[in-house]
Amino acid sequence: MSPSIRGAVERALCSGYQLTPEAFELLGRFGDPAAAIESLLSSFETASPKPIAIEAAHLRPLLDRQGAPAQAAPGAAAPAPAPKAAAVPDAAGKPAAGSYSWPSRRRDATLRPPPAAAQSPSAAPARPPQARPTAVFGGDVTVISGSEDRRIGGTIDDFKQYFLDRYGRMESILRRRADLRDATSVSNLPHGERWQKVKAIGMVTSKRDFKDGTCTVELEDTQDSVRVSFKADDALKKKVTRLLKDEVVCVSGATKTGRTILANDIIWPDVSYRQRPAHPQEPTYAVLTSDVHIGSKMFMEENFRGFLKWLNCEEGDERSTCLAEQVKYLLIAGDLVDGVGIYPNQEEELSITDLHTQYEKAAEYLAMVPERIRIIVIPGNHDACRPTLPTPPIYREFAQPVYDLKNVVMLGDPATVNIEGTTFLLTHGRSLDDSIPSLPGCDFKTPQNAMVELLKSRHLAPIFGEKTPLAPESSDRLIIDPVPDIFHAGHIHVEGIASYRGIVVVNSGTWQAQTKFQLSAGIVPKPCIAPIIDLMSGKTIEMNFNFSGPAQAG
Ligand code: D5M
Ligand code: FE
Ligand code: ZN
């Protein structure tokens, strides 16, 4: 398989679409298979219901417009590349001539924010253009998303559009499940003389517990809402407790009136089992870290220097030095610096009180990373950036010295990158402040468990209106789609690794000792451990830099 076809197939798989054998055969006839797949995926976004797989019928119209030969001789050289712009949405988000698109079936909304906005439905604005995958670092890394810097209006209508998009896309993710193809939405429930079995998709708007042990949940779609009652059954109650406000789920049960559902199960969008991705043929390692907090008095500088020395193969036993030689990537999931004015009286805890100087220092440290190691940095809530999620890359005007480093790429939060075949989802993890206290069985000592729950919800910040401010962009970039192979976050300052359905879930801890705020909040950091992904085997290694002695692979 040629690298361009392999890349296009991987991109389709990453987005949850298999190719039929006929479609695969047809893909080989495109001059630019990646552009063809990209065009299809963007047209799928507005399709309802979503296609189950990419079929030849989807690709044929694109091929016809490209003017490629109907039959290619086996083994023939690929036709000349088609002009890239031919099948890509234009800047206003409209399909360009030559692209293949389904009519939008989006309806007017009753979704949040309620209720004033709901009374003045307006046409959904055109979606902004989707990010096009961009090759960086000589083509070894593809940035699938994360370089966007979208402006937001911030009006009630903007929020309404945001939730419409969240609902619509989450609904289609749920419908991709084989067991939910026959699900209905809340506003289309049947009603009549007899009880009828239903599966209904909706957004959770409220939850109530009653003294008799029963509980009710309000579910809403774009047009209506329904009350869902759950019996006092222990297993079911556990599931209801796990429901997060504003997430989109499906309930199964029975209804008679179409106004209420007596439910017997809840189904989350979830992820299907990830097959091992394509991988490099030689040992290649990616080091995951975050929350360096340069500029803080609690920055554990000596330990971080030990980490840099290890990366330079200057410190460590033979095994760990051999590993360091094969590190090719360093991913930093936010809070590179401690920032200024992030919390009251922070200045008392700063060793560097100027934000520009903090980034100068950060650049000095990153310059000590061997140049062969490619570095990706996303922002955290301490970095120089807008506080809302999604967050654009760290502002260049503050972090210019970091931007100047040749082996650094700055992306936003969230960012999805494919590194030599493995798809990484990077986010700082700020919404964990909201989701950890809401999720039964999750705590600040094991943030990786809450990250697994976010994968099940298929959303990086399901809860709206608490500590995590969300930017009302017209499409919801916090939905987890495509599903990654590696899910990397930080923020909690506690390192931890989990595995869920073939996905490696990593919280990369911190290089900052406990702050006064964390002491008062009972947060005990687990610092100076660098999780490492072996891209060849998919295995993880934890390198511990808490010792004064040489680095050791754990
Ligand atoms: O976050 C460092 C730690 O402090 C992390 O465990 C989360 C916690 N933290 C930070 N802000 C909050 C709020 N507002 N509520 C609860 N817990 C919080 P850092 O982002 O490095 O300050
Ligand atoms: Fe932090
Ligand atoms: Zn943080």
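Read on for a plain summary of the structure.

For the rest of this paragraph, the subject is the coordination of the zinc ion (ligand 3). For the zinc ion (ligand 3), every protein donor is listed as Asp-335 (OD), Asn-381 (OD1), His-428 (NE2) and His-491 (ND1), and the spread of their distances is 2.2 to 2.3 Å. Taken as a pair, the zinc ion (ligand 3) and the iron ion (ligand 2) show a spacing of 3.1 Å, with Asp-335 coordinating each metal. Taken as a pair, Asp-335 in the loop between strand 12 (327-333) and helix 9 (355-367) and His-491 in the loop between strand 17 (486-489) and strand 18 (495-500) lie far apart in primary sequence, 156 residues in all. Neither Asp-335 nor His-491 differs from the other in exposure class; each is buried.

This brings us to the site of ligand 1. The immediate surroundings of ligand 1 are formed by 13 residues, with Asn-381, His-382, His-491, Ile-492 and His-493 found nearest. One of the side-chain N or O atoms of His-293 is found 3.1 Å from an oxygen atom in ligand 1. In the model, an oxygen atom of ligand 1 is placed 3.0 Å from a nitrogen or oxygen of the His-491 side chain. If ligand 1 stood free it would expose 460 Å²; the protein chains cover 82% of that surface. Residue composition of the shell around ligand 1, grouped by class: 3 nonpolar, 6 polar and 4 charged.

With that settled, consider the coordination of the iron ion (ligand 2). Coordination of the iron ion (ligand 2) by the protein is provided by Asp-291 (OD), His-293 (NE2), Asp-335 (OD) and His-493 (NE2), with metal-donor distances spanning 1.9 to 2.3 Å. Read in sequence order, the donor residues for the iron ion (ligand 2) give the motif D-x1-H-x41-D-x157-H.

Before going further, it helps to examine the sheet that holds strand 19 (residues 503-508). Strand order in the open sheet made by the 7 strands is 3-4-15-16-17-19-18, with mixed pairing throughout. Of all the strands in the sheet, just strand 3 (134-136) and strand 18 have a single pairing partner and so form its edges. Sheet twist, expressed as the average angle between the axes of neighbouring strands with direction ignored, equals 25°. Here strand 3 pairs with strand 4 (residues 141-145) via 3 bridges, running antiparallel. Paired with Val-136 across the bridge in strand 4 is Val-141.

For the rest of this paragraph, the subject is the packing of helix 9 against helix 10 (residues 396-403). Any two packed helices are characterised by how steeply their axes cross, that is the angle between the axes, and by the distance between the axes. At a minimum axis separation of 7 Å, helix 9 and helix 10 run at an interaxial angle of 20°. In terms of orientation, helix 9 and helix 10 fall into the roughly parallel class. In this structure, the crossing between helix 9 and helix 10 has a hand that is right-handed. Contacts between helix 9 and helix 10 pair Leu-355, His-356, Tyr-359, Glu-360, Ala-362, Ala-363 and Leu-366 from the former with Glu-397, Phe-398, Ala-399, Pro-401 and Val-402 from the latter. Classifying every residue of the contact of helix 9 with helix 10 gives 9 nonpolar, 1 polar and 2 charged.

Before going further, it helps to spend a moment on the side chain of Glu-453. Its place among the elements puts Glu-453 in helix 12 (residues 447-457). In this structure the side chain of Glu-453 is engaged in a polar contact, spanning 3.0 Å, whose partner is the side chain of Lys-456. Residue contacts for Glu-453: discarding those within four places in its chain leaves Arg-242, Leu-439 and Cys-442.

Turning our attention to the pairing of strand 19. Of all 6 residues in strand 19, 6 are buried; the element is thus mostly enclosed. Residues Ile-503, Val-505 and Asn-507 of strand 19 are buried on one face, and the alternating residues Val-504, Val-506 and Ser-508, pointing to the opposite face, are buried as well. Pairing of strand 17 with strand 19, which is carried by 4 bridges, proceeds in the parallel orientation. Its bridge partner lying in strand 19, His-488 is registered against Val-506.

Attention shifts here to unusual backbone geometry. A cis geometry characterises the amide bond from Leu-389 onward to Pro-390, with omega recorded as -10°. In this fold, Pro-390 is placed in the loop between strand 13 (374-378) and helix 10. A cis amide bond links Asp-413 with the next residue in sequence, Pro-414, at an omega value of 0°. Even without a glycine there, the phi angle at Asp-291 is positive, about 50°. With respect to the helices and strands, the residue Asp-291 is situated in the loop between strand 11 (285-289) and helix 7 (301-311). Backbone geometry at Cys-313 places phi at a positive 60°, although glycine is not the residue there. Overall, the relative accessible area of 27% leaves Cys-313 in the partly exposed class.

About the thresholds
- Residues numbered from 1 in each chain as written.
- Chains lettered and ligands numbered in written order.
- Predicted model: local features only at pLDDT ≥ 70, side-chain atom pairs only at ≥ 80, totals over all residues.
- Heavy atoms only, no water.
- Donors = N, O, S within 2.8 Å, 3.2 Å for Na, K, Ca; no water.
- Helix = DSSP H or I, 4+ residues; strand = E, 2+ residues; numbered from the N terminus.
- Buried < 20%, exposed > 50% of the residue type's maximum accessible area, 1.4 Å probe, protein only.
- Near = heavy atom within 4 Å.
- Polar contact = N/O pair within 3.5 Å; in protein donor to acceptor, adjacent residues only side chain to side chain.
- Areas by Shrake-Rupley, 256 points an atom, 1.4 Å probe, with all protein chains shown as cover.
- Nonpolar A, V, L, I, M, F, W, Y, C, P; charged D, E, K, R; others polar.
- Pairing = 2+ DSSP bridges.
- Axes fitted to C-alpha atoms, helices over the stretch in contact; angles between N-to-C directions.
- Parallel < 35°, antiparallel > 145°, perpendicular 65-115°, else oblique.
- Left-handed = near helix turned anticlockwise from the far one by under 90°.
- Contact = heavy atoms within 4.5 Å.

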